[in-house]
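Okay, here's what each chain looks like letter by letter:
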Amino acid sequence: PMVCVDALTRRANALQETLSARQKTINMNSKTAQRLGLTEGKPLSLKQSGLNIELPITLDARVPDNSILISKGIEGTSGFGDAYAEISVQRGESHA
C-alpha cells in the first residue's frame, strides 16, 4: 500500500489509520473458502518459508479460485514470504 512505502510513512500514525480494514485480512473468493471449509471473519494461519501470520478471512469475488490475496508491507504481514511462492493454509486458533 502507498502508505507503507518507506520508514517515514510506516511510522506516521495518521497515515496508518487510513489503511482499510480489508488490507489487514486474508482475502479469498467464496468458492475457495467453501472448498476449504472456512468462514468469513474467522482467523486463518498462513505459513511460508518458516514465517507464520494469522489474520481474519474476508470474502472477495475478485480473487481467483484457489488463490488468496494478502497485502504486503503492513503491520501483520511485514516480512511475510515470497509474493508467488506456495503458502500452507491452516485454520487459526479460534476458528470454530
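Residues numbered from 1 in each chain as written. Predicted model: local features only at pLDDT ≥ 70, side-chain atom pairs only at ≥ 80, totals over all residues. Heavy atoms only, no water.

Asker: Could you give an account of the side chain of Asp-60, with specific residues and numbers?
Answerer: With respect to the helices and strands, Asp-60 occurs in the loop between strand S3 (51-59) and strand S4 (88-91). The buried category is assigned to Asp-60, whose relative accessible area is 7%. A distance of 2.8 Å separates the side chain of Asp-60 from the side chain of Arg-62, its partner in a polar contact. (Helix = DSSP H or I, 4+ residues; strand = E, 2+ residues; numbered from the N terminus. Buried < 20%, exposed > 50% of the residue type's maximum accessible area, 1.4 Å probe, protein only. Polar contact = N/O pair within 3.5 Å; in protein donor to acceptor, adjacent residues only side chain to side chain.)

Asker: If you had to explain the sheet that holds strand S1 (residues 26-28) to someone new, which residues and values would you point to?
Answerer: Strand order in the open sheet formed by four strands is S1-S3-S2-S4, with mixed pairing between adjacent strands. Of all the strands in the sheet, just S1 and S4 have a single pairing partner and so form its edges. In this sheet, adjacent strand axes meet at a mean angle of 40° when their direction is disregarded. (Pairing = 2+ DSSP bridges. Axes fitted to C-alpha atoms, helices over the stretch in contact; angles between N-to-C directions.)

Asker: Summarise the layout of surface pockets; cite the residues concerned and give the values.
Answerer: Each pocket or cavity is described by its volume, and for the largest pocket that value is around 370 Å³. Every residue lining the largest pocket is counted, 18 residues in all, and those nearest its centre are Ile-68, Leu-69, Ile-70, Ala-83 and Ile-87. Residue contributions to the lining of the largest pocket peak at three residues, all from helix H3 (residues 30-36). The class makeup of the residues in the lining of the largest pocket is 10 nonpolar, five polar and three charged. (1 Å grid on protein atoms, 1.4 Å probe; cavity = no way out; pocket = protein on both sides within 12 Å on 5 of 7 lines; lining within 4 Å. Points joined across faces, edges and corners; volume = space filled by probe spheres on them. Nonpolar A, V, L, I, M, F, W, Y, C, P; charged D, E, K, R; others polar.)

Asker: Help me get a handle on unusual backbone geometry, residues and values and all.
Answerer: Of note, the phi angle at Ser-49 is positive, near 50°, even though the residue is not glycine. Tracing the backbone shows Ser-49 in the loop between strand S2 (43-48) and S3. With relative accessibility at 69%, the residue Ser-49 sits in the exposed group.

Asker: Report on the nonpolar core, specifying residues and quantitative values.
Answerer: One finds Ile-26, Met-28, Ala-33, Leu-38, Leu-44, Leu-46, Ile-53, Leu-55, Ile-57, Ile-70 and Phe-80 forming the largest nonpolar core, which totals 11 residues. Elements supplying a minimum of two residues to this core: S1, S2 and S3. The element that contributes the greatest number of residues to this core is S3, accounting for three residues. Residues within four places of Leu-55 in sequence aside, it is in contact with Lys-24, Thr-25, Ile-26, Lys-42, Pro-43, Leu-44 and Thr-77. (Core = buried A, V, L, I, M, F, W, Y, C linked by side-chain atoms within 4.5 Å. Contact = heavy atoms within 4.5 Å.)

Asker: Go over the pattern of salt bridges with me, naming the residues and quoting the values.
Answerer: For the structure shown, the criterion picks out two salt bridges. Here Lys-31 ties to Asp-65 by a salt bridge, and the two come within 3.4 Å at their closest N and O atoms. Note that Lys-31 is positioned in helix H3 and Asp-65 in the loop between S3 and S4, a separation of 34 residues in sequence. Judged by its relative accessible area of 55%, Lys-31 is exposed. Put simply, Arg-62 and Asp-60 hold a salt bridge, and the shortest N to O gap is 2.8 Å. Judged by its relative accessible area of 68%, Arg-62 falls in the exposed class. (Salt bridge = Lys/Arg side-chain N within 4 Å of Asp/Glu carboxyl O.)

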